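Secondary and tertiary structure notes
Below, each chain spelled out in residue letters.
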Amino acid sequence: MTELSAIEKLVTRLSPEPVCDDCITQTLGLSRHENADQAARELVGSNGFERAKDICSLCGEVRLVTRRH
Ligand SMILES: [Zn+2]
């Protein structure tokens, strides 16, 4: 499974709760934070994925989060 599809699955599972790049990185055990950031940006605009500054549902910090509606 690619990191992109793993991230898509994670965000979909948490939907409609948002999750930040750090929590995506930690939850999926990604090697680099930049990978989560890049993949999440690729998801935006397709299938109801959105990126915004909001409270992450996992860590509770205000960060750039990804969610699916
Ligand atoms: Zn978080």
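Use the structure listed above.
Residues numbered from 1 in each chain as written. Predicted model: local features only at pLDDT ≥ 70, side-chain atom pairs only at ≥ 80, totals over all residues. Heavy atoms only, no water.

Comments concerning the coordination of the zinc ion
Six octahedral donors at a metal ideally form angles of 90 or 180 degrees, and four tetrahedral donors ideally form angles of 109.5 degrees. Heads up, the rule is: Water is not among the atoms examined, so metal sites may look incomplete; donors are the N, O and S atoms within 2.8 Å of the metal, or within 3.2 Å for Na, K and Ca. Any site counts as irregular unless it has four donors with all angles between 85 and 135 degrees, making it tetrahedral, or four or six donors with opposite ones more than 155 degrees apart and the rest between 65 and 115, making it square planar or octahedral. Remark: exposure states derive from per-residue accessible area (1.4 Å probe, protein chains only) relative to the maximum for the residue type, with buried under 20%, exposed over 50%, and partly exposed in between.
At the metal site, the zinc ion is ligated by C20 (SG), C23 (SG), C56 (SG) and C59 (SG), and these contacts range over 2.2 to 2.4 Å. Classification of the site at the zinc ion rests on its 4 donor atoms, whose angles at the metal span 105 to 113 degrees, yielding the label tetrahedral. Residue classification places C56 among the buried residues on the basis of a relative accessible area of 2%. Given the relative accessible area of 32%, C59 is considered partly exposed.

Description of the side chain of R67
As a reminder of what qualifies: A run of H or I in DSSP counts as a helix once it spans at least four residues, and a run of E counts as a strand once it spans at least two, with each numbered from the N terminus. Polar contacts here mean pairs of N or O atoms no more than 3.5 Å apart (in protein, one a potential hydrogen donor and the other a potential acceptor; neighbouring residues in sequence count only if both atoms are side-chain atoms). Contact criterion: two residues are considered in contact whenever any of their non-hydrogen atoms come within 4.5 Å of each other.
Residue placement: R67 occurs in strand β3 (residues 62-68). On the basis of relative accessibility, which here comes to 16%, the residue R67 falls in the buried class. Within polar-contact distance, the side chain of R67 engages the side chain of D54 at 2.9 Å. Once you skip the residues sitting within four places of it in the chain, R67 turns out to touch V11, P16, E17, P18, G48, F49, E50 and D54.

Regarding the pairing of strand β2 (residues 49-55)
Put simply, the rule reads: DSSP-based pairing: two strands are paired if at least 2 bridges between them are found.
Alignment of β2 against β3, held across 7 bridges, turns out to be antiparallel. Bridged to F49 within β3 is R68. Between β2 and β3, which pair antiparallel one after the other, the connecting turn spans 6 residues, and G60 there sits at a positive phi close to 80 degrees.

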